[in-house]
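Residues per chain, in single letters:
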Amino acid sequence: MDVEFANPSMESVVLSEESVPRRTLRKRVTTSKGSSLRFKPASVSAITARHGTTSEDNLKKKAYKQAFLKSAARAQSERETRVRELKKRALAITSTGKTPATSRQRLVMQMVYDEITPYPDEAWVSQLGVIINREYHQVKNWFSNQRQKDARDSRQHTPQPAAPASLEASLCKITCDGRDLRLRAAALNSCRAEDWSDTFFDEVVMIYNFRLLAKHSQEEAMAAFFEPEPDVAIHS
């Protein structure tokens, strides 16, 4: 049935209402009457802008991993160079042959053995030899002999052949500057495992050695001060 409008302008008003955008709480688009489309879906570009692409994340992770591996390899190379130089210095120290270690040298090595580790590796043996001025192989042999001595003493008190195993069980494995070490529990009580390094070991040994040197110097000064003066003969 045809509808006639008394006022011709009413026809344009009715027609224009069909093309008016529908008001919604979400993003809206202009739809024609009877259309089921109400919301415009978010574009792929908008999602990418907010969350980034998976490929970009993977590239970032790969770049970070490569940088980390390069840094670790560089640090390891620098450490190996430093250890070679230390060992070279320790080997260059004049060997005293079968001459026993001095009291100070023995006390420093005994402190490392009892309180840090009975198994110093190549780096720590070199550092120890340089600090106490004793040749590399002499320091290494001292620790080997000390472990054998402790094993014999342990077997005398307990006839069971389990001394090495008991020593191993008393040690704690840690990672120090990229390699594995076995430390005493006392060493980990005074310093966390992650804080042990070649630098820290060097500082501990140097401080202990310096204290022994200072004590020895003080004792010598006191002995010289209180030493009685020789009697002087008076000739008439």
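Shown above is the structure to which this text applies.
This write-up is about the structure you can find in this document. The structure presented is a predicted model; accordingly, all values stated were derived computationally and were not measured.

## A word on the overall build of the chain
(1) Moving on: Helices and strands together make up the secondary structure of the chain, namely nine helices and two strands.
(2) Moving on: Helices (α) and strands (β) of the chain occur, in sequence order from the N terminus, as α-α-α-α-α-α-α-β-β-α-α.
(3) Moving on: Sorting the 236 residues of the chain into buried and exposed places 23% on the buried side.
(4) Moving on: Taking the intrachain contacts of the chain between residues at least 6 apart in sequence as the baseline, contacts between residues at least 24 apart amount to 62%.
(5) Moving on: With an accessible surface of roughly 17,800 Å², the chain has 55% of that area assigned to carbon and sulfur atoms.

## Here's the deal with helix H3 (residues 54–92)
Side chains that are three or four residues apart share a direction in an α-helix, a result of its 3.6 residues per turn.
(1) Moving on: Between the first and last C-alpha of H3 there are 57 Å, a value that for 39 residues agrees with the 57 Å anticipated at 1.5 Å per step.
(2) Moving on: Of the residues making up H3, those classed as buried are Arg-79, Val-83, Leu-86 and Ala-90.
(3) Moving on: Tucked inside the fold, the buried residues of H3 contact helix H5 (122–132), helix H6 (136–157), strand S2 (179–184) and helix H9 (198–226).

## A look at the pairing of strand S1 (residues 171–176)
(1) Moving on: For S1 and S2, the ladder comprises six bridges, and the chain directions are antiparallel. Paired with Cys-176 across the two strands is Arg-179, which belongs to S2.

## Some words on the packing of H5 against H6
For any two helices packed against each other, one specifies the crossing angle of their axes together with the interaxial distance.
(1) Moving on: Where H5 meets H6, the closest approach of the two axes is 9 Å, and the angle between their N-to-C directions is 115°. The angle between the axes of H5 and H6 places the two elements in the roughly perpendicular class. Helix-helix and strand crossings are classified by hand; for H5 and H6 the assignment is right-handed. Residues Glu-122, Val-125, Ser-126, Leu-128, Gly-129 and Ile-132 of H5 touch H6, and the partners they reach there are Tyr-136, Val-139, Lys-140 and Phe-143.

## Looking at unusual backbone geometry
(1) Moving on: Positive phi outside glycine occurs at Asn-133, with the angle close to 60°.
(2) Moving on: By the element assignment, Asn-133 lies in the loop between H5 and H6.
(3) Moving on: In the Ramachandran plot, Asp-177 falls in the positive-phi region, its phi being about 50° despite a non-glycine side chain.
(4) Moving on: Relative to the helices and strands, Asp-177 is located in the loop between S1 and S2.

## Digging into the nonpolar core
(1) Moving on: In terms of nonpolar packing, the biggest core is built from 29 residues, with Trp-124, Leu-128 and Trp-196 touching the most fellow members.
(2) Moving on: Of all the secondary-structure elements, those providing two or more residues to this core are H3, helix H4 (103–115), H5, H6, S1, S2 and H9.
(3) Moving on: It is H5 that contributes the most residues to this core, six residues altogether.
(4) Moving on: For Trp-124, the contacting residues outside a window of four places in its chain are Ile-116, Thr-117, Cys-176, Arg-179, Leu-181, Leu-183, Trp-196, Ser-197, Asp-198 and Phe-201.

## Here we look at H5
(1) Moving on: Within H5, nine of the eleven residues are buried, which leaves the element mostly enclosed by the surrounding structure.
(2) Moving on: Those residues of H5 that fall on the buried side of the exposure criterion are Ala-123, Trp-124, Val-125, Ser-126, Gln-127, Leu-128, Gly-129, Ile-131 and Ile-132.
(3) Moving on: Structurally, H5 contributes buried residues whose contacts are with H3, H4, H6, S1, S2 and H9.
(4) Moving on: Two residues or fewer after H5 comes Asn-133, characterised by a positive phi angle close to 60°.

## Things to note about the packing of H3 against H5
(1) Moving on: Running from amino to carboxyl end, H3 crosses H5 at an angle of 45°, the nearest separation of the two axes being 8 Å. Viewed along their axes, H3 and H5 adopt a mutual orientation that is oblique. The handedness of the crossing between H3 and H5 is left-handed. Listed contacts from H5 to Arg-79, Val-83, Leu-86, Lys-87, Arg-89 and Ala-90 of H3 are Glu-122, Ala-123, Ser-126, Gln-127 and Val-130.
(2) Moving on: For the contact of H3 with H5, the class distribution of residues is five nonpolar, two polar and four charged.

What counts and how
Residue indices begin from 1 for each chain and proceed along its sequence in written order. Given that this is a predicted model, residues contribute local features only at a pLDDT of at least 70 and side-chain atom pairs are listed and counted only at 80 or more, while totals for whole chains, interfaces and linings are drawn from all residues. Note: side-chain values were computed over all heavy atoms of the structure, leaving out hydrogens and water. A run of H or I in DSSP becomes a helix once it reaches four residues, and a run of E becomes a strand once it reaches two; helices and strands are each numbered from the N terminus. Think of it in three bands: residues with accessible area under 20% of the maximum for their type are buried, residues over 50% are exposed, and the middle band is partly exposed, with areas taken using a 1.4 Å probe on protein chains only. Any pair of residues with heavy atoms lying within 4.5 Å of one another is described as a contacting pair. Note on areas: Shrake-Rupley, 1.4 Å probe, and residue coverage restricted to the protein chains presented here. Here the expected span of a helix is defined as 1.5 Å times the quantity of residues minus one. By the convention used here, strands pair only if DSSP detects at least 2 bridges between them. Axis definition: a line fitted to C-alpha atoms, limited for helices to the stretch in contact. Angles are taken between N-to-C directions and run from 0 to 180 degrees. Should an angle fall under 35 degrees it is taken as roughly parallel, and over 145 as roughly antiparallel, whereas 65 to 115 is taken as roughly perpendicular and any remaining angle as oblique. Put simply, a crossing is left-handed when the front helix is turned counterclockwise from the back one by less than a right angle, and right-handed when it is turned clockwise. Side-chain atoms within 4.5 Å are what join buried Ala, Val, Leu, Ile, Met, Phe, Trp, Tyr and Cys residues into a set we call a nonpolar core. Three classes are used: nonpolar for Ala, Val, Leu, Ile, Met, Phe, Trp, Tyr, Cys and Pro, charged for Asp, Glu, Lys and Arg, and polar for all others, with Gly counted as polar.

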